[in-house]
Structure formats: structure tokens, C-alpha cells
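# Chain and residue survey
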Amino acid sequence: MMRHDLIVIGAGPAGLSAAIEAARLGMDVAVFDENARPGGQLFKQIHKFFGSKEHHAKERGFRIGEDLLADAEKLGVAVHLNATVMGIYEGREVLVKHEDETVHAKADAIIIATGAAENMIPFTGWDKPGVIGAGAAQALMNLQGVMPGKRILMVGSGNVGLVVSFQLLQAGCEVAAVIDAAPRIGGYGVHAAKVARTGVPFYTRHTVVEALGKDRVEGAVIAEVDDHFQPIPGTEKTLDVDTICIAVGLSPMSQLADTAGCDLVLDRKRGGTVPVIDEYGETSVPNVYCAGDAAGIEEASTAMILGRISAIRAAEKAGFLGAAEFTARADEYAASLSKLRRGMFAPQNKGRTDMTETDEGYPLSKSLLAHGFLEPNEVSAFPCATVHEVGVHPVIECTQNIPCNPCQDACRFGCITVGDDIVKLPVIDETKRCTGCGMCVASCSGQAIFLVDEAYEPGYASVGIPYEFVPVPKAGARGHALNRAGAPICDAEVVSVKYTKAMDKTVLLTMKVPAEFASEARFYRD
Amino acid sequence: MRIKQHPIIDDYGKGAQISFTLDGKPMVGYEGDSIAAALHAAGIMTHRYTAKRHTPRGVFCCIGRCTDCVMIVNGQPNVRTCITPLEEGMEVQTQYGVVNREQWEADHQ
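Calculation rules
- Residues numbered from 1 in each chain as written.
- Chains lettered and ligands numbered in written order.
- Predicted model: local features only at pLDDT ≥ 70, side-chain atom pairs only at ≥ 80, totals over all residues.
- Heavy atoms only, no water.
- Helix = DSSP H or I, 4+ residues; strand = E, 2+ residues; numbered from the N terminus.
- Buried < 20%, exposed > 50% of the residue type's maximum accessible area, 1.4 Å probe, protein only.
- Contact = heavy atoms within 4.5 Å.
- Buried area = accessible area lost by both parts, 1.4 Å probe.
- Salt bridge = Lys/Arg side-chain N within 4 Å of Asp/Glu carboxyl O.
- Polar contact = N/O pair within 3.5 Å; in protein donor to acceptor, adjacent residues only side chain to side chain.
- Nonpolar A, V, L, I, M, F, W, Y, C, P; charged D, E, K, R; others polar.
- Pairing = 2+ DSSP bridges.
- Domains from an automatic or database assignment.

Glancing now at the side chain of N483(A). Residue and element names in this part refer to chain A. In this structure, N483 sits in the loop between β25 (478–482) and β26 (488–498). Judged by relative accessible area, which is 15%, N483 ranks as buried. Beyond its immediate stretch of four places on either side in the chain, N483 contacts R197, I489, E520 and R522.

So, on to the interface of chain A and chain B. Interface extent is often summarised as the accessible area lost during association of the parts. Contact residues are listed per partner, giving 39 residues for chain A and 29 residues for chain B. Carbon and sulfur atoms supply 60% of the area buried between chain A and chain B, which totals about 3000 Å² over both sides. Across the chain A-chain B interface, the total number found is three salt bridges. A salt bridge links D10(B) to K505(A); its shortest N-O distance comes to 2.7 Å. Applying the counting criterion to the chain A and chain B interface returns ten residue pairs in polar contact (both at pLDDT 80 or more). Every element with two or more residues in the side of chain A that touches chain B is listed here: β8 (131–133) and α3 (134–143) of chain A. Sort the elements by how many residues they give to the side of chain A that touches chain B and α3(A) lands first, with seven residues. In the side of chain A that touches chain B, the residues fall into 19 nonpolar, nine polar and eleven charged.

What follows is about the pairing of strand β12 (residues 206–212) of chain A. Residues and elements named next belong to chain A. The pairing of β12 with strand β13 (residues 219–224) spans six bridges and is classified as antiparallel. Bridged to H206 within β13 is E224. Hairpin connection, β12 to β13: the antiparallel pair is bridged by six residues, and G213 has positive phi, about 120°.

This next bit is on the domain arrangement of chain A. All names here are of chain A. Looking at chain A, the domain boundaries give domain 1 (2–117 + 250–340), domain 2 (120–246) and domain 3 (374–525). Placing the centre of domain 1 and that of domain 3 at their C-alpha centroids yields a distance of 38 Å. The interface of domain 1 with domain 3 comprises twelve residues on the first partner and 16 residues on the second. Between domain 1 and domain 3, roughly 1100 Å² of surface is buried when both sides are summed, and carbon and sulfur atoms account for 52% of that area.

As C-alpha cells, then:
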């Protein structure tokens, strides 16, 4: 029997954060994870995260994972891998299958941070090789360096479907379409927009009805759905794909809370059956906590804070943290959390379809929700996207209230302000000078900032875009500018390619286009 | 197919090329590959055939949860190939039910 002050189950963002926090307070912590590698799903996440600096915004997920592991190692946190916790029993005793043996461990407190499992939808042929989960696509391309397929249908337009679609494009795959049975795109508009501008079509109110092929996927049949999500006969379309990728949501893995005897509740806003918890993540079983996606589906950035909150509570109860210090930290973490739990994608707004305008009162783009891109007349409703001054200046196509503010910190000249409420849309100060450095472009996790100079040369404008593909075109290259819908609209010449270490692999690619396309050209292709 | 160049990831941490066999045929992969990744890179999609309806299965979740990708590895059936590291000289076999093809055919004569 191993004895510890705290047992953490799961070495993902919530679990590692909890373990680090507790170890810093002097607790003896053991972490068990069933996987061969720690980090949960963080190492698959190669995109820049949202939030503000305190939430690791604009850092790529796998870097956050590396930092967490380094902290855990420095503090001597014991992370047991290939260690599957099979149950939690009376007296906070856990049974762990480690390699070929079974061991018992006990602690004063347990934090369940087991994360989530992918949802699936059954359809004809869904068991064929070539139908994979979105997480599988990420594991193959981002961890193993193997392309999941050549041409992919993405089923689901939540943030996972959108982010993975973009990552598939980065890995060199084609994405034939992103479909969703809902009437609107589920994830962030900026994530959809960066996929749409490369030419990927979005089909909302569509589902996949069949995977074609004998021994593997050789095509997909999609169809429009009615108001009850049933396919409408006669609307079928066949797509030439070799892979169907499923990204239809996540469900909390709350089984261990069940074995511990915790009260459970079916809560759709939290993604399924979850333990009943208090503000510190403590379940109905004293000293058993649940943090991160296992307690309700959210982002990794919230999971990291939730892990810390449960850890300080456990530390306080066990005498490792004084009451005053606990209250101060708890308040600080609660404030940090509440910054992220705001805006139209916050958990309390999950499933809402009645929002028609931003907090500022600007009309939400209908096209962005239906097709993944802003229509020109919709863009013009947003001041941050339509500044017209002499010389280069940022155009920020940020049109939904998402908790994020790295653009504000990126500009050394104070051009961009988001303010304390980080879900607010950025405001551009036209009196401040823009030098065209591109730091704001690279800092925007949504890749929604462009640098435009309407009077670059007589008759020509320059448009600087975030570019995260290879090969990077060289200055002097000639090709086409694509509009927000991914359609070629005019000839374009690459006039500069800027990349610095601080831009963290987001290249500022500046192209010259005929002046009349300055507010339309948003992507470049050879 | 392997990704030759990636805009964000510089290094997948792969080591030397290693040899293994699939149903007796020589194959190559790299240190750091999972068995499934090496097979996927070589275009192999079918890992097994189901016992009842004899339909093909391959990689599905790729995190060791769904067990769709299991194969016979060094004589041991039901090995989750997506989370099992590839090793030099491994003998990987397509799994038919819970046995290999020869056994399956002998059992179904």
C-alpha cells in the first residue's frame, strides 16, 4: 500500500496543474495516468491558445504541456504512467493496474482529472477503416508525423472539428468539407474563418449517411437534415474522400467518480453525466474532487485553473495552506476563471441560438455562422475591421465575444485595446502609429488580424496575412489572392515574408494586390 | 504517407529506421513510431477482421481506448497497435477474430 497526501488521477492539463500546485505547498503527490506519455491531449494541440497572458494565451498547446511537465519534474511530482486506476473505494483507496500488477494506494484527498472521451455517431459503414475520431487524426499527424489521409471529410464544426481541420491542412491533407447537422457552426468564428479562406466549404444542416468503399473508406455520402436532424431523401451528395473524421463533441469521463460513490447528475451544459461538485470541485464524497473535462467539458485553459482550485482546497483541508492564504488564492483563481467563462461560447451559453449581436451591439455575422466566413457588408459593421487611414494599419476581423486579448499586449505602440473584460472586441486607436511589425498578426490565436495598406503603390494595396503553411512562398512569388470564402479574386505578388522567433511560427506574408481588393484579399496561393 | 515538412512541428522525435514484418512480409518503420503509425504510413488500413461478420477494422480512436486497431504482435493477440511502440524485428499479424489467418482458415474449413 502506497500512502500519499494527494492522489491525482490523470496527467492532463487539470491533473498536472493540480499536482504542481499541491507539490508547491509541500504535499506528497502521486499522479496516475493510463497513458504511456503524460500531458493528456495537450501534446496534440499545435495551435495557439486563447485567453490572456495568465491563461497562457498565444502559446501553443504542446508548449504549455512541456512547461507543465518541467514544473512537475522540478517539484518532484511522481507521475506514474501506464497506470490505470480501476476504482476508488472507501477511505480514498484506489486500485491501480500498473503494467502487469495491481497496486493499492491511499491518500487524504483524491482529485479525479480523467478528462473526456470523444462522442461518435453511427452511420452505414462507420466501422470501416478510414473512419476515425478527430483525436486520432491529431495523434497520427501531430504526434506521429503521419498523414491521416489524403482527402478528408470533417464531421462536426465545434472547435475540435475546426481546429483539427486546420491542422489537417497544415499537415498537407485536403479537407473536402466540414459538415454539421446543426444550422450553425458550433466553434469560434475565427477558427472557421481560417479554414474557409483556404477554400474549404462548410455545409451546415448536413450529416454523413454512409461511408462508401469495400475494405476502406473510398467516399462519403452526406445529406441535408430536417429540423429533427433526419436526412432528407434526395439531398444526398457524394464526396470523394478517403477519410471521414468525426468531431461531434466530448463526454466527461466520470466513471471513477461513480465508483467512489459520488452523486452524479446529467447536465447537458457540462457535456453529460458529471459528479455534483462545489465551487472547489469537491464531490459529495468528502475529500474527493473532480476537475477539468471530467467535471464538465470546457477548454484546457479552464481545466488548468480548476485543477489548481481543487488542489488548494485539498491543501487547506490537510493543513498545508492557511485559511487567509487559501482565500486569497481561491479569489485569484476564481477571478481568472470568470474571465474565461464569458462571451457567447461560455458554458452557460452553450446551445443558445438566440444571440444576434455582440456585447457592443454589433450584429453577429450570419454568414460566419452558416458558411464560416464574413460577407463584405457584415465586416463593415465592425469598426476594428474597417479602419481607413494613410499607411499600414491592422484590420482585426474579430466579430464574436471570445475571451482573448494577446493582440492588446502585442502592440508596443498601444494601437490595440481590449480592456479588462477580455471578451470585448478589440478597439483600434487610429491616432497611434502602426509600424507594420506584424506582432499583432502573430499574436492572434484566431489568425484574424491583417495588416492593410490601401495606398501601398499607385493602384495597389498591400495585405499582410498570418501564414502557417509550408512551403512559405518567397518574396517575389506570384500567385492569387483568395477572399474570405477561399475563392481566387485577383493576381497577387508576395512582397515580403517576415518571421521572427517571437512570432512563434506564424509568418507575416505580405502580398500586393490591386487596390480595389484591399478589403477582400485574405489568403494567398501560388 | 509521412509528413515531410510541417509549419509548426520541427521534429517528431523519430530515431533510426527499423524493420518488422506484417503477415510475414518485410516492412520498415522508425524508432518512435507506434505500430499503427508505421502501418498507416505504409498505407495499411486493415488491422483485423471481426469474428462474427468478418468485416475489416482499423485505427479509430488512436489513444488506446476503442480497441479497433488490435493485432497479433509477436504471437500475442489483442495488442492495441496505436499505443504500442514499434520495435525492431516485431512480427505483426492481421488478426482474424482473435487468431491469425492460417488458424482462422483452418478453423473455418
